[in-house]
Amino acid sequence: MLQPFLKEGRIEAGCDEAGRGCLAGPVTAAAVILPPGFSNELLNDSKQLTERQRNLLRPIIEREALAWAVAFVSPEEIDHINILRASIAAMHRAIDQLSVRPEHLLIDGNRFTAYRDIPHTTIVKGDATMMSIAAASVLAKTHRDEYMCRIAEEFPQYHWLENKGYPTRAHRDAIARFGPSPYHRMSFQLLDRQLSLF
């Protein structure tokens, strides 16, 4: 069972990211403040949900949340500052956009850089324990998947409709055959070690 809050009566924003392990595309983060009493029996960690379930949940979360926001950090920026910093930067940008100021941040994982003067709690597997983080995981994943499907039209050879930029065999084979696209993260190991781009 997901917990509705860490401390009752406090405005808490759950934050999570999607796309950290991908070879292509942005890392995407969401921040969500749910209203007191929110419940949805389908809501869970986005990785435990089917694509159909996530797509059903997204409009419910966006309609019923007190505030929500999604932010992207580009492959170029990921290459420049590294994926951990980029993931945290995406969360900060999502929090920046919230129309309601949270009193506390609930962060999925164990690494975060303090956001202004708002206290935070990092929670390992937070997307499977806290309702607001689970909601953020659904928004981050669905918004990122939507973006990857759009750019897949530009570069169909990488099979992003299916793999969303994750390192599948078909994706790595396409990189070996066609080289990287402008959306690939050049600081990541795009090919298996025994292969080379050159």
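Each remark here, short or long, concerns the structure printed above.
Let me begin by describing the structure that accompanies this report.

Cut-offs used in this document
Residues numbered from 1 in each chain as written. Predicted model: local features only at pLDDT ≥ 70, side-chain atom pairs only at ≥ 80, totals over all residues. Heavy atoms only, no water. Pairing = 2+ DSSP bridges. Helix = DSSP H or I, 4+ residues; strand = E, 2+ residues; numbered from the N terminus. Axes fitted to C-alpha atoms, helices over the stretch in contact; angles between N-to-C directions. Contact = heavy atoms within 4.5 Å. Buried < 20%, exposed > 50% of the residue type's maximum accessible area, 1.4 Å probe, protein only. Arc of directions from axis to C-beta. Salt bridge = Lys/Arg side-chain N within 4 Å of Asp/Glu carboxyl O. Core = buried A, V, L, I, M, F, W, Y, C linked by side-chain atoms within 4.5 Å.

It is worth spelling out the sheet that holds strand β3 (residues 67–73) at this point. Spatial strand order, β3-β2-β1-β4-β5: five strands in an open sheet with mixed pairing. A strand with exactly one partner marks an edge of an open sheet, and here the two such strands are β3 and β5 (120–123). Along the sheet, successive strands turn relative to each other by an average axial angle of 20°, direction set aside. By the bridge criterion, four bridges tie strand β4 (residues 104–108) to β5 in an arrangement that is parallel. Among the inter-strand pairings, Leu 105 is bridged to a residue of β5, identified as His 120. Relative to the sheet, helix α3 (residues 83–96) contacts β1 (12–18), β2 (27–33), β3 and β4, its axis offset from that of β2 by approximately 35°.

Looking at helix α6 (residues 169–178), one finds that the buried residues are His 171, Arg 172, Ala 174 and Ile 175. Along α6, the residues classed as buried sweep out an arc of 160° about the axis, all on the same side. Elements that come into contact with the buried residues of α6 comprise α5 (160–163). Taken from the residues just after α6, Gly 179 is the one with a positive phi, measuring 80°.

Once that is clear, we can look at the pairing of β4. Within β4, five of the five residues are buried, leaving the element largely enclosed by the surrounding structure. Bridge count for β1 against β4 is four bridges, and the pairing is parallel. Bridging from a neighbouring strand, Cys 15 pairs with Ile 107 of β4.

According to the stated counting rule, one finds ten salt bridges in the structure shown. The partner of Arg 58 in a salt bridge is Glu 62, and the shortest N-O contact between them spans 3.1 Å. A residue pair is termed a helical-turn pair when its members lie 3 or 4 positions apart in one helix, as Arg 58 and Glu 62 do in helix α1 (residues 51–64) at four residues. With a relative accessible area of 22%, Glu 62 lands in the partly exposed category. Of the charged contacts in the structure, one is a salt bridge between Asp 145 and Lys 141, with a shortest N-O distance of 3.1 Å.

Mapping Thr 142 onto the fold places it in helix α4 (residues 131–152). For Thr 142, a relative accessible area of 4% corresponds to the buried category. When near neighbours in sequence (up to four residues on either side) are disregarded, Thr 142 contacts Arg 54, Asn 55 and Arg 58.

This next bit is on the environment of Gln 3. As for its position among the elements, Gln 3 is in the segment before β1. Taking the relative accessible area as the measure of exposure, Gln 3 reaches 38% and is therefore partly exposed. Along the backbone, Gln 3 and Ala 128 are 125 residues apart, and their C-alpha atoms lie at a distance of 9.2 Å. The residues contacting Gln 3, other than those within four sequence positions of it, are Thr 129, Met 130 and Met 131.

Another point: the nonpolar core. One recurring pattern in soluble globular proteins: nonpolar side chains tend to sit buried together. Counting residues in each nonpolar core, the largest one holds 40 residues, and the members touching the most others are Ile 95, Leu 98, Leu 105, Phe 112 and Trp 160. Beyond its immediate stretch of four places on either side in the chain, Trp 160 contacts Ala 24, Met 148, Ile 151, Ala 152, Phe 155, Gly 165, His 171, Ser 181, Tyr 183 and His 184. Counting residues in hydrophobic clusters, the runner-up holds 19 residues, among them Leu 34, Phe 38, Ala 65 and Met 131.

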